[in-house]
Amino acid sequence: MINRQKIGLGTVQFGLAYGIANVNGQTKVREVTEILALAKKYGIKILDSASAYGNAEEVIGNNTLNDFKIVSKFIAPKNQAVNVQLENSLKNLGVKQLYGYLAHRPMELLEYPTQWKELLEFKEHGKVQKIGFSLNEPEELEKLLKKNYIPDLVQVPFNYFDNRFEESLVYLKSIGCEIHTRSSFLQGLFFMKPELLSSYFSEIKENLRELQLLQEDLSVSLLRFVLDKSYIDKVIIGVENSKQLKQNIEGLKNAKELPILNKDISRQILNPSLWKK
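Reading guide: rules and limits
- Residues numbered from 1 in each chain as written.
- Predicted model: local features only at pLDDT ≥ 70, side-chain atom pairs only at ≥ 80, totals over all residues.
- Heavy atoms only, no water.
- Buried < 20%, exposed > 50% of the residue type's maximum accessible area, 1.4 Å probe, protein only.
- Helix = DSSP H or I, 4+ residues; strand = E, 2+ residues; numbered from the N terminus.
- Arc of directions from axis to C-beta.
- Contact = heavy atoms within 4.5 Å.
- Lys, Arg positive; Asp, Glu negative; His and termini not counted.
- Salt bridge = Lys/Arg side-chain N within 4 Å of Asp/Glu carboxyl O.
- Pairing = 2+ DSSP bridges.

A. Layout of helix H7 (residues 166-174). Considered for burial, the residues of H7 that qualify are Ser-168, Leu-169 and Leu-172. Mapping the buried residues of H7 onto a view down its axis gives an arc of 100°, with all of them on the same face. When the buried face of H7 is taken as reference, the exposed residues oriented beyond 90 degrees from it are Glu-167 and Ser-174. Looking at the buried residues of H7, the elements they touch are helix H6 (138-146), strand S6 (153-157) and strand S7 (178-182). Looking one or two residues beyond H7, the residue adopting positive phi is Gly-176, at roughly 90°.

B. Spatial organisation of the side chain of Glu-118. Position of Glu-118 relative to the elements: it lies in helix H5 (residues 114-124). At 9.1 Å, Lys-127 is the nearest oppositely charged side chain to Glu-118, a buried residue that forms no salt bridge. Contact partners of Glu-118, with chain neighbours within four places excluded, come to Ala-81, Val-82 and Asn-83.

C. Structural context of the environment of Glu-124. Tracing the chain through its elements places Glu-124 in helix H5. Relative accessible area serves as the criterion here: at 66%, Glu-124 is assigned to the exposed category. Spatially, the C-alpha atom of Glu-124 lies 27 Å from that of Val-235, the residues being 111 residues apart in sequence.

D. Representation of the pairing of strand S4 (residues 98-103) within the structure. Of all 6 residues making up S4, 6 are buried, and the element is well covered by its neighbours. Note that strand S3 (residues 69-74) and S4 share 4 bridges and pair parallel. Each residue of the ladder has a partner; that of Lys-73, found in S4, is Leu-102. With 5 bridges connecting them, S4 and strand S5 (residues 128-134) associate as parallel partners.

E. The arrangement of the pattern of salt bridges in detail. Tallying each qualifying case throughout the model produces 14 salt bridges. Here Asp-228 ties to Arg-224 by a salt bridge, and the two come within 3.1 Å at their closest N and O atoms. By relative accessible area, which is 18% here, Arg-224 ends up buried. Notably, a salt bridge pairs Glu-250 with Lys-253, separated by 2.9 Å at the nearest N-O pair.

In structure tokens form, the structure reads like this:
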């Protein structure tokens, strides 16, 4: 039985035109309200946002959020305390407390250790329940743990192509850390027609072709792949409209297992920030 209660809702599309396969741009405000209502109906509890997601926090803050736990992320300029961004996020969201608050650029915690001290104070004062990091590379986590920055919550990329964090997640789970994953669809790359991709993506074109031929509804199979991992608590997915959310949730009952991937995919593919535009 696939646990759809493990799904969390990403909100980057509500503030930006996001994703390689996105042709519709930023989600309209009215559509966001419909998505949130449907998420509530399906029992989705986690909303994942960030101060860097355009005006996403303001958009979702125009809705009643009592039924959701909100995770946000900060990027603090060198001359600005993290508290300034936290207060802005709380104001934009219209809430008094965040469920989670994560460093969006976690390596800056090493350069500015006072940021971690601030996060600990936010917990102490009840403004945030859990603190941690949004990570891109396993090496980042290793460096943070060596500094004894022990997170309550982490968010990492994880999908059919990308299991780089698996060993680390098992460890973090064992010490009581809550695990959230993103990029189940690799920003929509899994749905792109291979022949339309540039030569930069040559190493995965055949894999994409095979997946798309084998799977009638690839999105729910990709989602199931991550949901089935026992060490993952929440799988954050982004949708452009309520129809997509409904299809993903309802389709899980028919989701098929994906074939075992006997191939290591390069970091150049797994990290979208490295993609050639």
